[in-house]
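Observations on the model geometry
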Amino acid sequence: ELRPSADARSHEQSPAPQDLDAPLGAARAQIHDTYIIAQTREGIVLVDQHAAHERLVYERMKRERAMKAIDRQILLIPCVVELDAHDVERLLDHAAQLDELGLKVEAFGPGAIAVTEAPALLKDGDLTSLIRDVADNLTEDGSTTPLERKLDHVLATMACHYSVRSGRRLTGEEMN
């Protein structure tokens, strides 16, 4: 049975003036653990929490890539992902570019990739699913797609995997 779900925090305290001036305003409520209602000086803004967080992570990773400063984490135990031979080859062909994004991959036998380093932002993410999606993205883009666009697409995939999902109740601070 689906029942409405709302978590209104407007009664807790008035929003700070600087929050009202923020591009998306001050968070006032969360609906269905998916949408944030924010107050601005002119009205309200309805925000999809996953899409908003994904965009923030994506922009941060793009800035870090431009500065060649993506924070990375060496994995204590490599994440081994089984793939078909074509996907393994494609990922290994792009290993240097993936490394620039903080994702270090190495061959691990004939049908697998070992991830030995990952962006620090993704420390709690599902690396197996991410690697499979990256391999699919490299396939879909085709060989004529400019490298910069491929890397942006990989960053977007990484940001999506890290971002807050729908169905998660957020604190007021997280919503802001």
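Shown above is the structure to which this text applies.
An account of the accompanying structure is given in this report.

Considerations on the overall build of the chain
- Assigned secondary structure in the chain consists of seven helices and seven strands.
- For the chain, the N- to C-terminal ordering of α and β elements is β-α-β-β-β-α-β-α-α-β-β-α-α-α.
- The buried share of the chain, taken over its 176 residues, is 39%.
- Pairs at least 24 residues apart make up 60% of the contacts formed inside the chain by residues separated by at least 6 positions.
- About 10400 Å² of surface is accessible on the chain, with carbon and sulfur atoms providing 52% of the total.

Some points on helix α3 (residues 85-93)
- For α3, the set of buried residues is Asp-87, Val-88 and Leu-91. End-on view of α3: buried residues confined to an arc of 100°, all on one side of the axis. More than 90 degrees from the buried face of α3, the exposed residues found are His-86 and Asp-93.
- Capping the start of α3 is the job of one residue whose side-chain oxygen sits 3.0 Å from the backbone nitrogen of His-86: Asp-84.

A short note on the environment of Ile-36
- With respect to the helices and strands, Ile-36 occurs in strand β3 (residues 35-39).
- For the pair Ile-36 and Ala-52, spaced 16 residues apart in sequence, the C-alpha to C-alpha distance is 9.9 Å.

Digging into unusual backbone geometry
- Its identity as a non-glycine residue notwithstanding, His-32 has a phi of 50°, on the positive side.
- Here His-32 lies in the loop between β2 (26-31) and β3.
- Looking at His-32, the relative accessible area reads 42%, which means it is partly exposed.
- One non-glycine residue, Asp-33, lies in positive phi territory at about 50°.

Considerations on the pairing of β3
- Along β3, the buried face is formed by Ile-36 and Ala-38; none of Tyr-35, Ile-37 and Gln-39, which line the opposite face, is buried.
- Where β2 meets β3, five bridges bridge the pair, whose relative direction is antiparallel. Each residue of the ladder has a partner; that of Gln-30, found in β3, is Ile-36.
- Note: β3 against strand β4 (residues 44-48), five bridges, orientation antiparallel. Bridge pairing in β4 places Tyr-35 opposite Asp-48.
- Joining the antiparallel neighbours β3 and β4 is a turn of four residues.

A word on the sheet that holds strand β6 (residues 104-107)
- Reading across from one edge, β5-β7-β6 is the order of the three strands in this open sheet, with antiparallel pairing throughout. Edge positions in the sheet fall to β5 (72-82) and β6, since each of these pairs with one other strand and no more. Neighbouring strand axes in the sheet, compared pairwise and without regard to direction, differ in orientation by 20° on average.
- Here β5 pairs with strand β7 (residues 112-119) via seven bridges, running antiparallel. Each residue of the ladder has a partner; that of Val-80, found in β7, is Ala-114.

Regarding the pairing of β2
- The buried count for β2 comes to five of six residues, which makes it a mostly enclosed element.
- Connecting β2 to the next strand, β3, in antiparallel fashion are three residues, including His-32 with a positive phi near 50°.

About the thresholds
- Residues numbered from 1 in each chain as written.
- Predicted model: local features only at pLDDT ≥ 70, side-chain atom pairs only at ≥ 80, totals over all residues.
- Heavy atoms only, no water.
- Helix = DSSP H or I, 4+ residues; strand = E, 2+ residues; numbered from the N terminus.
- Buried < 20%, exposed > 50% of the residue type's maximum accessible area, 1.4 Å probe, protein only.
- Contact = heavy atoms within 4.5 Å.
- Areas by Shrake-Rupley, 256 points an atom, 1.4 Å probe, with all protein chains shown as cover.
- Arc of directions from axis to C-beta.
- Polar contact = N/O pair within 3.5 Å; in protein donor to acceptor, adjacent residues only side chain to side chain.
- Pairing = 2+ DSSP bridges.
- Axes fitted to C-alpha atoms, helices over the stretch in contact; angles between N-to-C directions.

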